[in-house]
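# Structural description and commentary
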Amino acid sequence: LYDMVQRVMMPVMVKKTDTAKGTYTAFSRTFSFVITLLLPLTVFLIIFSKPVVLILLGKRWLDAVLILQIFFLNLPMRTGASLGDTLMRVHGFIRLNLIRKVQNSIIICVLIYIGFKWDGIIGISWSIFASTFISYVMMMFIIKNRIFKDDWKKLIFRPYYNGILL
């Protein structure tokens with residue numbers, strides 16, 4: 001899903017780089033559209049994780065339901081961060097994006113270790129969720145400080161609000 005979003009949006013955003021408003025419009029509409037689709041899907045997948053596990057894997061895998069639900073929580077934020085990666089590349093912040101990814105890799109490793117010590121595989125699942133949240137917040141700060149200094153506030157809540165309304 002993340003690759004598909006990047007492959008489609010990269011050429012679209014490159015064509016719109018002639019004006020800052022064009023890039024903002026392409027990014028915000030795509031971001032809003034993706035979140036609007038993913039929020040209801042995420043809720044659906046979380047609610048129906050148990051029946052899916054029972055049908056596909058059987059009763060012996062019921063312990064995996066919580067882990068699967070935690071991973072589904074990542075969908076909107078991970079896709080949003082992926083779309084932000086594309087935006088950063090379009091605006092030439094490749095080095096900054098690389099630094100962010102290295103920092104996120106270190107954060108993931110530390111959180112996975114803490115999560116494993118805290119609660120085994122479920123702790124690792126929550127650690128991955130936390131690292132996804134941190135990555136998403138880091139991406140939003142970069143967008144706020146480097147790319148869309150004035151219009152960034154609309155990117156924080158509006159896409160999620162649209163997703164909830166659907």
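Quick caveat: nothing in here was measured; it's all calculated off a predicted structure. (Residues numbered from 1 in each chain as written. Predicted model: local features only at pLDDT ≥ 70, side-chain atom pairs only at ≥ 80, totals over all residues. Heavy atoms only, no water.)

Okay, the pattern of salt bridges next. Counted according to the given criterion, the structure contains two salt bridges. In this structure, the salt-bridge partner of D85 is R100, at a minimum N-O distance of 2.3 Å. Of this pair, D85 sits in helix α5 (residues 75-90) while R100 sits in helix α6 (residues 94-147), and the two are 15 residues apart along the sequence. A single burial state applies to D85 and to R100, both of which are buried. Salt-bridge contacts for K101 lead to D85; the nearest nitrogen and oxygen are separated by 3.4 Å. Placement of the pair is K101 in helix α6 and D85 in helix α5, with a sequence separation of 16 residues. Residue classification places D85 among the buried positions, given a relative accessible area of 8%. Each of D85, R100 and K101 takes part in one network of salt bridges that share partners. (Salt bridge = Lys/Arg side-chain N within 4 Å of Asp/Glu carboxyl O. Helix = DSSP H or I, 4+ residues; strand = E, 2+ residues; numbered from the N terminus. Buried < 20%, exposed > 50% of the residue type's maximum accessible area, 1.4 Å probe, protein only.)

F27, F31, L87, I143, I147, F148 and L155 are the most contacted members of the largest nonpolar core, which totals 17 residues. Within the residue set of this core, elements represented by two or more residues are α2 (20-47), α5 and α6. For this core, the element with the highest residue contribution is α6, accounting for six residues. Sequence-distant contacts of L155, that is, excluding residues within four places in its chain, are made with Y24, F27, S28, F31, Y136, M140, I143 and F148. (Core = buried A, V, L, I, M, F, W, Y, C linked by side-chain atoms within 4.5 Å. Contact = heavy atoms within 4.5 Å.)

This paragraph deals with the packing of helix α4 (residues 64-73) against α6. Any two packed helices are characterised by the angle at which their axes cross and by the distance between the axes. Running from N to C, α4 and α6 point in directions that differ by 5°, and their axes come no closer than 9 Å. Relative to α6, the element α4 lies roughly parallel. Residue-level inspection shows L66, I67, I70, F71 and L73 of α4 in contact with α6, the latter providing I121, I122, S125, W126, I128 and F129. Among the residues making up the contact of α4 with α6, the classes are represented as ten nonpolar, one polar and no charged. (Axes fitted to C-alpha atoms, helices over the stretch in contact; angles between N-to-C directions. Parallel < 35°, antiparallel > 145°, perpendicular 65-115°, else oblique. Nonpolar A, V, L, I, M, F, W, Y, C, P; charged D, E, K, R; others polar.)

It is worth spelling out the packing of aromatic side chains at this point. For the structure shown, the criterion picks out six aromatic pairs. A ring pair is formed by F27 and F31, whose centres lie 5.7 Å apart and whose planes are at 5°; its orientation type is stacked. Of this pair, F27 and F31 both sit in helix α2, four residues apart, which is roughly one turn of the helix. Grouping aromatic residues by their ring pairs yields a cluster made of Y24, F27, F31, Y136 and F148. (Phe/Tyr/Trp six-rings, centres within 6.5 Å; stacked < 30°, edge-to-face > 60°.)

Another point: the environment of F44. Within the secondary structure, F44 is located in helix α2. In the structure, F44 is positioned 28 residues away from F72 in sequence and 9.6 Å away in space, judged by C-alpha atoms.

Bringing the packing of helix α3 (residues 49-56) against α4 into the picture now. Packing of α3 against α4 leaves a shortest axis separation of 9 Å and a crossing angle of 125°. Taken as axis vectors, α3 and α4 run oblique relative to one another. The element α3 and its partner α4 pack so that their crossing is right-handed. Taking contact as the criterion, the partners of S49, K50 and V53 in α3 are, on α4, V65, L68, Q69 and F72. Looking at the contact of α3 with α4, its residues break down into four nonpolar, two polar and one charged. (Left-handed = near helix turned anticlockwise from the far one by under 90°.)

If you trace the backbone, F93 turns up in the loop between α5 and α6. Note: C-alpha distance between F93 and R146 (53 residues apart in sequence) is 8.9 Å. Ignoring sequence-local partners within four residues, the contact set of F93 consists of M88, R146 and I147.

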